[in-house]
Amino acid sequence: MLGNWHSGAERTRKQRVYAALAVATIFAMCMWYYSSHKPAVSPGGSRLTNLVLSTKTPYLAPNATTRSVPAGLELIQVQYIYRHGSRYPSLGDMAQMKDVYGLDGLNVPRSWINAGLIDGSKAALLAEYGYHEMRGLAQRTIQRYPKFLAERMRNPELVRFVSSEFQRSIMSARTFRSVVDPSNHTRPVAVLPLQEDTILAMKTGCPVWVQGKEAATLNASKEMAVFDSIHGQKLIQRMEGKLGAKLTLDHISTLYTTCGFEVSLFAQSGTWCSLFDPDTSALMELRNDIKYSRVYGPFGANINRKMACALFTTIFKDIDSALRDPPKAVSTFRFGHAETVMFVSTLLRLENVLGTDNSPITGSMPFSRAQHRGFKTSIVSPFSTNLGIELYKDQRAQPFFRLVFNEQAIRLPECHDEFCSLDVLRSKLGDTIECDFESICRISH
């Protein structure tokens, strides 16, 4: 009898051990899956790093809720402009990363050398987390406009999805559509041929901008040289002390870019990003923004204020059509690039909205003041950045609009409320919404 009891107890003990091993195995498999697939920010919107990473910043979903629509206003149209989701580095970025990886005396663990970042077959393509960003944006768009989208999606002609010709934008558009419009997701996205694209990849078709880019880059280089004379030696000494290799500021810029891609693509904040602290990353973003703000932004040539004029001419044609016949109003979701959103921000003068200091970014700008600038690429153009125009009419059929930037309502200085008369926006843009892009971009001889 006692022997049988021992035999039964032994079987029970073994069963418990096997069950515990099974649970441990499943848990380990789940943790492996999570660690190899986790996003750079959690679904709730918390960051894996507190660094600012310029245009390589992963998109951070907002936690705050947007104010509800006042009674008496009816939504009749939405138009959104998106930057594509997180992408792999370009071939040029990859070449610079390889140069840094090969520096003599570089003292880093071999695990820091990420082959996935220098795989030329993936250059500039949409990355897995880019798909994740777009799915998340689409899901929150449904939550933001549940009734409106449900009604519009019954007629696929009332919702358009438009992309530039680049794979990262096309796949962003398709991914977004597959969530927002699942019953029609196999319908093709409208792709704008590069040589004819004055809407989303507008820089390629504007000779005046292309010509002016050289002067803007030269001006930026002079200001960056001032920045380097003030901050460069300290940055170099800091990084050389950590890495054990002789470095230039160009090397440090590449390390900063590598950090951005590591976080955005692989959720790795403990490798190259460990070389930076919040102040150092903010300095590197400031250095980047000296150039971006001149080449694409508000502190460059006058043409920068007009580069999104063809886009806004198209947007206002759709707005006017919607106001004439609200039930047939067409809503459009457009997918472009970092410069697309920077040109839009520049046209709308959002530097006056997104910060308290809108003075030109210079190399000698005090760091404390630079923190309050209205042009920060980590805010203006992270991966998946977006700007929406919501069109409303009141009970007297008067039109109103609201701007939504990165899923948060913003108010232009000319408006007394975030729900603002459309006449204010029309007046602000002036002849921009009736522009002849070809004429503006033609070089006079």
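Every chain begins its residue count from 1, and numbering advances along the sequence as written. Reporting in this predicted model follows two pLDDT cut-offs: at least 70 for local features of residues, and 80 or more for side-chain atom pairs to be given and counted; totals over whole chains, interfaces and linings ignore these cut-offs and use all residues. The basis for the side-chain values is all heavy atoms of the structure; hydrogens and waters are excluded.

## Focus: the overall build of the chain
- Helix and strand counts for the chain come out as 14 helices and eight strands.
- Looking at the chain as a whole, 51% of its 445 residues qualify as buried.
- Residues count as neighbours in contact if any of their non-hydrogen atoms are within 4.5 Å of one another. Contacts in the chain between residues far apart in sequence, at least 24 positions, make up 77% of those at least 6 positions apart.
- Values of accessible area rely on a 1.4 Å probe in the Shrake-Rupley scheme; residue burial ignores everything except the protein chains shown. Entry remark: accessible area of the chain is about 21,100 Å², with carbon and sulfur atoms responsible for 53%. Comment: elements are numbered from the N terminus, with helices defined as DSSP H or I runs of at least four residues and strands as E runs of at least two. Residue exposure (1.4 Å probe, protein chains only): buried if accessible area is under 20% of the type maximum, exposed if over 50%, otherwise partly exposed.

## Description of helix 13 (residues 422-429)
- Turning to helix 13, its buried residues number three or more, namely Leu-422, Leu-425 and Leu-429. The arc that holds every buried residue of helix 13, seen down its axis, measures 65 degrees, which confines them to one face. Residues of helix 13 that are exposed and angled more than 90 degrees away from the buried face: Asp-423 and Ser-427.
- Considering only its buried residues, helix 13 is in contact with helix 9 (309-324), helix 10 (338-348), strand 5 (386-393), strand 6 (399-405) and strand 8 (420-421).
- Downstream of helix 13 by a residue or two, Gly-430 has a phi angle that is positive, lying close to 55 degrees. When we speak of the arc, we mean the arc of directions from the helix axis to the C-beta atoms.

## Considering the pairing of strand 2 (residues 159-163)
- Extensive coverage of strand 2 is indicated by the burial of four of its five residues.
- Relative to strand 4 (residues 331-336), strand 2 runs parallel, the two being bridged by five bridges. In the strand pairing of strand 4, Val-162 is matched with Arg-334.
- A pair of strands counts as paired when DSSP detects no fewer than two bridges linking them. Both strand 2 and strand 3 (residues 190-191) contribute to a ladder of two bridges, which runs parallel. Within the sheet, the bridge partner assigned to Ser-163 lies in strand 3 and is Val-191.
- With strands facing away from the observer, any crossover in which the path from the first strand over the helix to the second runs clockwise is taken as right-handed. Between the parallel pair strand 2 and strand 3, the chain is carried across by helix 5 (residues 167-180), and the sense of this crossover is right-handed.

## Some details on empty space enclosed by the protein
- Using a 1 Å grid laid over the protein atoms alone, points where a 1.4 Å probe fits but cannot get out form a cavity; open sets with protein on both sides within 12 Å along at least 5 of 7 lines form a pocket; any residue with an atom within 4 Å of a point counts as lining. Grid points are joined across faces, edges and corners, and a volume is the space filled by probe spheres set on the points. Taken as a whole and assessed by the stated rule, the structure comprises two cavities of 30 Å³ or more.
- Of the voids in this model, the largest cavity is the one considered here, and its volume is about 40 Å³.
- If you trace the largest cavity, you find it lined by Trp-209, Gly-212, Lys-213, Ala-216, Arg-294, Val-295, Ala-301, Ile-303 and Asn-304.
- Counting only elements with at least two residues in the lining of the largest cavity, the list comes to helix 6 (207-243) and helix 8 (278-295).
- Sort the elements by how many residues they give to the lining of the largest cavity and helix 6 lands first, with four residues.
- Each residue is assigned to one of three groups, with Ala, Val, Leu, Ile, Met, Phe, Trp, Tyr, Cys and Pro labelled nonpolar, Asp, Glu, Lys and Arg labelled charged, and all others, Gly among them, labelled polar. Here the lining of the largest cavity is built from residues that sort into five nonpolar, two polar and two charged.

## Here we look at the packing of helix 9 against helix 13
- Relative orientation of the contacting elements helix 9 and helix 13 amounts to 150 degrees, with a least axis distance of 13 Å. Regarding the angle of helix 9 to helix 13, the classification is roughly antiparallel. Handedness of the helix 9/helix 13 crossing: left-handed. Residues Phe-312, Phe-316, Ile-319, Asp-320 and Leu-323 of helix 9 form the contact with helix 13, whose own contacting residues are Leu-422, Leu-425, Arg-426 and Leu-429.
- In terms of residue class, the contact of helix 9 with helix 13 is made up of seven nonpolar, no polar and two charged. To define axes, lines are fitted to C-alpha atoms, for helices over the stretch in contact only, and angles between the resulting N-to-C directions are given on a 0 to 180 degree scale. If an angle is under 35 degrees, it is roughly parallel; if it is over 145, roughly antiparallel; if it lies from 65 to 115, roughly perpendicular; otherwise it is oblique. Less than a right angle of anticlockwise turn of the near helix away from the far helix marks a crossing as left-handed, whereas a clockwise turn marks it as right-handed.

## Digging into unusual backbone geometry
- The backbone phi angle of Ala-397 is positive, close to 70 degrees, even though this residue is not glycine.
- Mapped onto the elements, Ala-397 comes out in the loop between strand 5 and strand 6.

## With respect to the side chain of Thr-340
- Along the chain, Thr-340 falls in helix 10.
- When residues no more than four places from it in sequence are discounted, the contact partners of Thr-340 are Ile-81, Ile-199, Leu-200 and Met-202.

## Description of the state of the cysteines
- In plain terms, two cysteine sulfur atoms within 2.5 Å form what is called a disulfide here. If you walk through the whole model with that rule in mind, you get four disulfides.
- Paired through a disulfide, Cys-206 and Cys-441 show a sulfur-sulfur distance of 2.1 Å. With the S-S dihedral at roughly -95 degrees, the linkage between Cys-206 and Cys-441 falls on the left-handed side. One end of the pair, Cys-206, is in the loop between strand 3 and helix 6; the other, Cys-441, is in the segment after helix 14 (437-440), and 235 residues separate them in sequence.

## Some details on the packing of aromatic side chains
- Here a pair means two rings of Phe, Tyr or Trp (six-membered ring of Trp) with centres within 6.5 Å. Their orientation is stacked below 30 degrees between planes, edge-to-face above 60, and tilted elsewhere. In total, this model carries 19 aromatic pairs according to the counting rule given.
- Where Tyr-296 meets Phe-343, the ring centres are 5.7 Å apart and the plane angle is 70 degrees; that geometry is what we call edge-to-face. On the criterion of sequence distance, the pair formed by Tyr-296 in the loop between helix 8 and helix 9 and Phe-343 in helix 10 is long-range, its members being 47 residues apart.
- In this structure Tyr-296 comes out as buried when scored by relative accessible area, which is 11%.
- What makes Phe-343 buried here is its relative accessible area of 0%.
- An aromatic cluster is present here, built from Tyr-80, Tyr-82, Tyr-145, Phe-148, Phe-161, Phe-176, Phe-333 and Phe-335 joined pairwise through their rings.

## A look at the environment of Ala-409
- For Ala-409, the position within the fold is in strand 7 (residues 408-410).
- The class for Ala-409 is partly exposed, based on a relative accessible area of 24%.
- When neighbours within four sequence positions are excluded, Ala-409 is seen to be in contact with Thr-66, Arg-402, Leu-403, Val-404 and Glu-418.

## Structural notes on the pattern of salt bridges
- Counted as salt bridges are all cases of a side-chain nitrogen of Lys or Arg within 4 Å of a carboxyl oxygen of Asp or Glu. Evaluation of the coordinates by the stated rule reveals 22 salt bridges.
- Residue Arg-402 is joined to Glu-418 by a salt bridge in which the shortest nitrogen-to-oxygen separation is 2.9 Å. Of the two residues, Arg-402 sits in strand 6 while Glu-418 sits in the loop between strand 7 and strand 8, which places them 16 residues apart along the sequence. Grouping residues by exposure puts Arg-402 and Glu-418 together as buried.
- Among the ionic contacts, a cluster of salt bridges with common partners joins Arg-144, Glu-390, Arg-402 and Glu-418.

## Examining helix 9
- Take the residue count of a helix, subtract one, and multiply by 1.5 Å to get its expected span. In this model helix 9 runs 22 Å from its N-terminal to its C-terminal C-alpha over 16 residues, within 8% of the 22 Å that 1.5 Å per residue would give.
- If you check which residues of helix 9 are buried, you get Cys-309, Ala-310, Leu-311, Phe-312, Thr-313, Ile-315, Phe-316, Asp-318, Ile-319 and Ala-322.

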